[in-house]
Amino acid sequence: KIKEEILSKPLKEKHCKKAFIAGLIRGSGVLYEKDGELGLEFKVPDEDTSMLVSSFFKTLFGYDIREVTVVEDKVKGKDKFLLSISGDGAIEVLKELEVLTESDGEIAVNLNFYGSLTEKDCCFRAFIRGLFISSGRCTLPTENDSSSTGYHLEIYFSHYTPAFETSNKLAEYGIITKIVKRREGHIVYIKSAEEIKDFIAFLPAPVSVLKITDLMINREISNTSNRQKNCDLGNVNKQIEAAAKQIA
């Protein structure tokens, strides 16, 4: 729902669109080499996002994305769309997005996520939106399920350095995150409901913020009611025990 809300708000400025695309690629992009040509493929959640991203590539770089493949997401049980770019045009695009750098004729991957593309506040937000859409997720507890795992938001990174940089950058906006290593990658995560609200408001996704606030209020009311019942029950048990001892 958060991702749907993010995608429903179109980006107007070209520099923000570039930052958004860069975030998408950083989140799920994989470089490959085929027939001597360097290429990159990255996933987006649905067909509408695929069409939106393709239009951005056409508008910003004059590049036509022709290779789009539907792949199954085994974890979530739904299809994702795999976009692929390759050839000389793709290399120039990736250099402009600061994903690749060139020095003395040598092409290398730029592990520094935050350069000139994200200098502006609006562009940094657009970058984080793209990053969250491609490699982030948020789960919330249900209102009446006490066995739920609780509030959790995370963004996956394949390397520690960009995870650390992202955590520090978000801290500058008052959003406190933690980092944990998971399998081959690193996770920037938030467990606090208030901090998750702050992150979603930062994107921004105000409707989702209101939904989480409503959920928090309902859960607090439910928890308060349960605590009151437990206290009352505890008092009754003490009275029964005291009466039994008195009778004995």
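Along each chain, residue indices are assigned from 1 in the same order as the chain's sequence is written. At least 70 in pLDDT is required for a residue's local features to be given in this predicted model, at least 80 for side-chain atom pairs to be given and counted, and no such filter applies to totals for whole chains, interfaces and linings, which use all residues. To obtain the side-chain values, all non-hydrogen atoms of the structure were used and water was disregarded.

**Student:** Break down the overall build of the protein for me, with residues and values.
**Tutor:** Comment: elements are numbered from the N terminus, with helices defined as DSSP H or I runs of at least four residues and strands as E runs of at least two. When helices and strands are counted, the protein shows eight helices and ten strands. For the radius of gyration, the atom set is restricted to C-alpha positions; the globular benchmark scales as 2.2 Å times the number of residues to the power 0.38. Taking 2.2 N^0.38 as the reference for a compact globule, 248 residues should give roughly 18 Å; the C-alpha atoms of the protein span a radius of gyration of 24 Å, well beyond that estimate. C-alpha atoms of the protein, sized along the principal axes, occupy 95 × 35 × 35 Å. For each residue, the accessible area found with a 1.4 Å probe, counting protein chains only, is set against the maximum for its type, and the residue is called buried under 20%, exposed over 50%, and partly exposed in between. A buried classification covers 41% of the 248 residues belonging to the protein. For the protein, contacts bridging at least 24 residues in sequence account for 58% of all contacts bridging at least 6. Only heavy atoms matter for contacts: two residues are in contact if any of them lie within 4.5 Å across the pair.

**Student:** Tell me about the confidence of the model for the protein, and name the residues and values.
**Tutor:** Detailed conclusions should not be drawn from predicted coordinates in areas where pLDDT is low. Looking at the protein, pLDDT values average 86 and 90% of them are 70 or higher. Confidence per residue, as judged by the predictor, is encoded in pLDDT with a range of 0 to 100. Between the elements of the protein, mean pLDDT differs from a low of 76, seen in helix 8 (residues 206–247), to a high of 95, seen in strand 10 (residues 185–190).

**Student:** Tell me about the pairing of strand 8 (residues 152–157), and name the residues and values.
**Tutor:** In the case of a regular strand, side chains alternate between the two sheet surfaces. The element strand 8 is extensively covered by neighbouring structure, given that five of its six residues are classed as buried. DSSP bridges decide pairing: two strands pair if at least two such bridges lie between them. One ladder, built from four bridges, connects strand 7 (residues 136–139) with strand 8; its direction is antiparallel. Its bridge partner lying in strand 8, Cys138 is registered against Leu153. Note: strand 8 against strand 10, five bridges, orientation antiparallel. Looking at the pairing, Phe157 lines up with His186 of strand 10.

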